[in-house]
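# A structural walkthrough
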Amino acid sequence: MINCELFTCDAATKKLYEKAKKERIDTVWDRALAMQPQCGFGEMGLCCTNCSMGPCRIVKVSDDGPKAGICGATEDTIASRNFARAVAAGSAAHSDHGRDIALALYHATGKIRVKDEEKLFKIAGEWGIAVEGKDASRIAREVAEKALSEFGKIFGKLLFLKRAPHKRQNLWDELGVAPEAIDREIVEVLHSTHMGSDADYRNIIRQAIRAALSDGWGGSMIGTELSDVLFGTPVPRKVEANLGVLKKECVNIVVHGHEPTLSEAIVMAARDPELLELAKKQGAEGINVVGMCCTGNEIAMRHGIPMAGDFFQQELAIVTGAVEAMIVDVQCIMPSLATVAKCYHTKLITTSPKAKVPGAIHMEFDEQKGLDIAKRIVKEAVMNFKNRKGEVYIPDVKSEGEIGYSLEAIIKILDRVTNSFAHPSGTVKPLVDAIKSGVLRGAVAIVGCNNHKQPHNSCHVTLAKELLRRDILVVTTGCGAHSCIKAGLMSKEARKYCGKGLATVCELLDIPPVLHMGSCVDISRILVLLSEVANYMGVDISDLPVAAAAPEWMSEKAQSIGLYAVASGIYVVLGVSPAVTGSENVTNYLTKDLESVLGGRFEIEKDPVKAAEKIAVHIENKRKRLGI
Ligand code: SF4
Ligand code: SF4
């Protein structure tokens with residue numbers, strides 16, 4: 001058995017890992033241990049399977065062995081191709097999510113209605129859609145049509161690129177990386193990395209940048225903006241987090257995955273009086289819906305639904321023995337869930353035609369019949385309550401935090417300290433003033449996943465605390481947000497971790513020092529916030545005293561996010577290296593040379609304390625250059 005003190009700082013995780021071991025359940029950590037040593041060729045990005053002459057590998061550790069693939073591809077070509085394909089896959093995942101939301105908006109009728117008409121009108125205006133004399137549903141359809149055309153339009157650039165500062169837009173144009181249509185950029189990466197196509201690592205990375213930008217400023221941004229339109233723009237609210245939010249006496253439903261169309265319908269269905277009555281008849285006190293991973297972030301932000309846990313806690317939720325159903329859609333769903341669920345009474349229910357898991361029950365979700373299907377799924381969970389077997393153990397570990405900091409919410413909060421006689425409201429001026437005065441040194445986004453190569457949660461949390469004490473505001477999304485809320489960093493009490501300047505800002509604005517901005521697609525909110533700040537200051541994003549960090553990242557989506565952040569001019573510190581280190585040229589290009597091209601670059605730093613030091617130096621250098 002692994003000593004869980006070493007691999008996580010989270011108390012609920014430790015307790016449930018021990019239960020899992022007692023019950024002979026294998027978890028992600030056990031499988032990671034069994035996988036050691038991991039393949040060095042794969043780790044360095046030096047393995048290629050792009051054609052059936054392969055697989056090929058480049059040997060670096062000795063003079064013997066192949067120095068090129070059978071086709072002649074070098075280490076630079078192979079490493080950059082692998083990286084570009086990972087970025088394209090990440091961009092595809094986010095963008096397809098965005099497409100599904102746009103389709104849901106297109107069909108928005110019946111029970112799913114437009115919740116934020118103001119935002120709908122704003123996007124319509126931004127995209128040149130006339131609104132006079134039209135009702136919200138017609139405008140919604142036109143906005144959705146325009147959003148859907150972003151995926152495959154023949155001419156022009158992505159519409160949301162216009163939100164970026166002019167200097168950034170011009171730079172993208174000069175470099176030829178401004179994306180034109182989302183699907184096309186992804187296809188072009190797959191084409192150019194086919195055997196015998198692009199062999200120039202710089203050009204391969206250029207294609208990857210286009211695909212990544214089509215995620216951040218395309219698919220993800222469409223996903224976020226249209227989710228707000230459909231389901232409401234988040235506002236600050238309190239929420240509980242960690243596996244202690246499961247309730248022994250209730251029917252527990254864990255919603256896990258990414259797309260809010262499913263989770264919104266489940267939340268609605270679980271409030272149905274008939275189903276509540278049915279739950280009582282089964283001996284339960286009620287129905288308790290909780291969220292996991294990014295779906296957890298989405299429904300927490302909009303409904304205050306408890307955040308049950310992050311990526312590495314999904315198996316452990318089932319190990320409690322208290323989960324009647326885990327309902328999943330797409331992305332970050334470990335196939336092992338089916339095996340773990342079999343050891344308990346839990347029903348693993350897949351809902352997307354794009355993501356089936358052998359051993360799970362498949363109940364396909366369709367937005368147009370959303371509530372009816374959701375009710376059937378919830379009923380399946382309710383009827384499973386009486387089938388609990390073995391020991392039910394829910395660790396008494398949970399914390400509370402304030403979440404829901406959409407850009408709109410942040411601007412409203414800033415209005416609290418705007419002198420309305422002297423300055424217009426609705427701007428980022430107070431934030432800019434705080435940065436300029438130096439009370440706030442800068443801001444950092446902590447995002448990304450969990451990875452067994454880093455201690456679970458503690459990298460996110462240590463990094464956040466190190467930044468807070470240096471008067472650097474932290475914003476967070478995804479599983480980084482789960483880590484921070486579990487550690488109490490989204491409560492007002494977390495001001496005790498802050499330097500004097502940041503503590504004062506938080507007190508004045510009445511906010512926690514770590515702001516939860518949502519799910520992984522919601523990193524697009526951070527792009528818009530940075531653009532607003534840069535535009536207000538008349539500079540580019542790359543001039544701002546900001547950075548991003550993904551200390552425990554693991555997914556291809558995280559690689560796409562990292563690259564679009566770099567391409568937007570941001571310094572991005574990764575706690576785990578992407579599989580490119582087998583090529584010195586590609587590694588140097590990503591971690592050094594890109595800065596002179598795009599103003600942003602990657603940094604690889606495993607140690608979160610050192611990462612914070614590097615970020616602080618970066619921020620102070622940016623301040624110096626701005627003369628503030
Ligand atoms: S594309 Fe080239 S390096 Fe890759 S598997 Fe085929 S022959 Fe080998
Ligand atoms: S942060 Fe990573 S693990 Fe968590 S939901 Fe997003 S992509 Fe998945």
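What you see is a predicted model; the values in this text were computed from it and never measured.

### Remarks on helix α9 (residues 182-192)
Buried within α9 are the following residues: Ile-182, Glu-185, Ile-186, Val-189 and Ser-192. Mapping the buried residues of α9 onto a view down its axis gives an arc of 135°, with all of them on the same face. What points out from α9, more than 90 degrees from its buried face, is the exposed set Val-187 and His-191. Buried-residue contacts for α9 involve α5 (75-106) and α10 (201-231).

### Quick notes on the UniProt feature "binding site: [4Fe-4S] cluster 1" (unreviewed entry) in the protein chain
Annotation from UniProt places "binding site: [4Fe-4S] cluster 1" (unreviewed entry) at Cys-39 and Cys-47. The residue Cys-39 is located in the loop between α3 (28-34) and α4 (40-44) in this model. Relative to the helices and strands, Cys-47 is located in strand β1 (residues 47-48). Apart from the residues lying within four places of it in its own chain, the contact partners of Cys-47 are Phe-41, Gly-42, Cys-56, Arg-57, Ile-78 and Asn-82.

### Digging into the sheet that holds strand β11 (residues 442-446)
The sheet built from six strands is open, its strands ordered β13-β12-β11-β14-β15-β16 with parallel pairing. Each edge of the open sheet is held by one strand with a lone partner, namely β13 (514-518) and β16 (601-604). On average, each strand axis in the sheet is inclined to that of its neighbour by 25°, with strand direction left out of account. One ladder, built from four bridges, connects β11 with strand β14 (residues 546-550); its direction is parallel. The partner of Val-444 across the bridge, within β14, is Ala-547. Contacts between helix α23 (residues 556-567) and the sheet are confined to β15 (571-574) and β16, with β16 contributing the most and set at about 130° to the helix.

### Overview of the side chain of Arg-210
Here Arg-210 lies in helix α10. Here the side chain of Arg-210 touches Gly-176 through a polar contact of 2.9 Å, landing on its backbone oxygen. Of note is the side chain of Arg-210, whose polar atom sits 2.8 Å from the side chain of Glu-185. Apart from residues no more than four positions distant in its own chain, Arg-210 is found in contact with Gly-176, Val-177, Ala-178, Pro-179, Glu-180, Arg-184 and Glu-185.

About the criteria used
- Each chain carries its own residue numbering, running from 1 in the written order of its sequence.
- Chain labels run from A onward and ligand labels from 1 onward, assigned in the order the entries are written.
- At least 70 in pLDDT is required for a residue's local features to be given in this predicted model, at least 80 for side-chain atom pairs to be given and counted, and no such filter applies to totals for whole chains, interfaces and linings, which use all residues.
- For side-chain calculations, the full set of non-hydrogen atoms in the structure is used, while hydrogens and water are omitted.
- Three exposure classes are used, based on accessible area relative to the maximum for each residue type with a 1.4 Å probe and protein chains only: buried under 20%, partly exposed in between, and exposed over 50%.
- By the criteria applied, helices consist of DSSP H or I runs no shorter than four residues and strands consist of E runs no shorter than two, each listed in order from the N terminus.
- This arc describes the spread of directions from the helix axis toward the C-beta atoms.
- Working rule for contacts: check all heavy atoms of both residues, and any pair within 4.5 Å makes them a contact.
- UniProt positions are given in the numbering used here, feature names are shortened, and annotations may be inferred rather than shown by experiment.
- One bridge is not enough; two strands pair if DSSP finds at least two bridges between them.
- Between N-to-C directions, angles cover 0 to 180 degrees, with each direction set by a line fitted to C-alpha atoms, over the stretch in contact for helices.
- Between N or O atoms, a polar contact is any pair within 3.5 Å; within protein, one atom must be a potential hydrogen donor and the other a potential acceptor, and residues adjacent in sequence are included only when both atoms are from side chains.

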